[in-house]
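Inside the fold
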Amino acid sequence: MINFENVLVLAPHTDDGELGAGGLIARLSAQGTNIKYIAFSSAPESLPDGFPRDTLVKEVHLATGVLGISDLVVKNYPVRNFDLHRQEILDDLIKLRKENNFDLVLIPSTSDVHQDHQVIMQEGIRAFKNTTILGYELIWNSFNFKNHLYVKLDETHVMAKVKALQKYSSQAHRPYMSDEFVRSLAYTRGLQVNHKYAECFEVVRWVIN
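As a starting point, this report considers the structure included with it. (Residues numbered from 1 in each chain as written. Predicted model: local features only at pLDDT ≥ 70, side-chain atom pairs only at ≥ 80, totals over all residues. Heavy atoms only, no water.)

1. Topic: the environment of D15
Structurally, D15 is set in the loop between β1 (6-11) and α1 (16-30). Given the relative accessible area of 8%, D15 is considered buried. Once the C-alpha coordinates of D15 and L165 are considered, the two residues, 150 residues apart in sequence, prove to be 7.3 Å apart. (Helix = DSSP H or I, 4+ residues; strand = E, 2+ residues; numbered from the N terminus. Buried < 20%, exposed > 50% of the residue type's maximum accessible area, 1.4 Å probe, protein only.)

2. Focus: the environment of N130
Position of N130 among the secondary structure elements: in the loop between α4 (115-127) and β5 (133-136). With relative accessibility at 65%, the residue N130 sits in the exposed group. Sequence-wise, N130 and E155 are 25 residues apart; in three dimensions their C-alpha atoms are separated by 33 Å.

3. With respect to helix α2 (residues 55-66)
Within an α-helix, residues lying three or four positions from one another point in the same direction, as the helix has 3.6 residues per turn. Over its twelve residues, α2 extends 17 Å from the first C-alpha to the last, a length consistent with the 16 Å expected when each residue adds 1.5 Å. Along α2, the residues classified as buried are T55, L56, E59, V60, A63 and T64. Relative to the axis of α2, the buried residues are bounded by an arc of 140° and lie together on one face. Those residues of α2 hidden inside the fold are in contact with α1, β2 (34-39), β3 (71-74) and α5 (155-166). Of the residues trailing α2, G68 is marked for its positive phi of about 85°. (Expected span 1.5 Å × (residues − 1). Arc of directions from axis to C-beta. Contact = heavy atoms within 4.5 Å.)

Structural data, given as structure tokens:
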């Protein structure tokens, strides 16, 4: 049993939260944890030709629904330009902090080199510096990822993550969206802690009440 009651997932773009922490989210959801998911951009400019601009908004609703999340917010910050809106993003996060009582916040790891991910990571730490914060792993963006914490997963958690990511039809061409990749990474992380599957996180801040 993981003893978190109110969890906030900060995803720079739709699908980041599922990719980095889909297994943990599925496990927490099964326990009845309250989970709020914020996607800061649906990145319509990144869609392949032929897809309507609202495709990723629809897909993230389907994907987070698979993981048991009903509290979803999708914002419209311009992809790859979050740095130009840093103060607005921080204001959004501070408002969230004041209106909620989160005991865990999930953010991109501090080793993630994507420019938008860095903004969400930095402003997330700034806004929630008195809260437990874990950085999730996106290995294609990360250099020197700090694998401090492992969450053991069962087949049901991994399957939920796989099924959630399958909802992103528009992103199916990306290698890291494949079932094979998701399972192989979960298997690798599980092997490191003598379990079939796991997800790995960087401990940015750990607060013991």
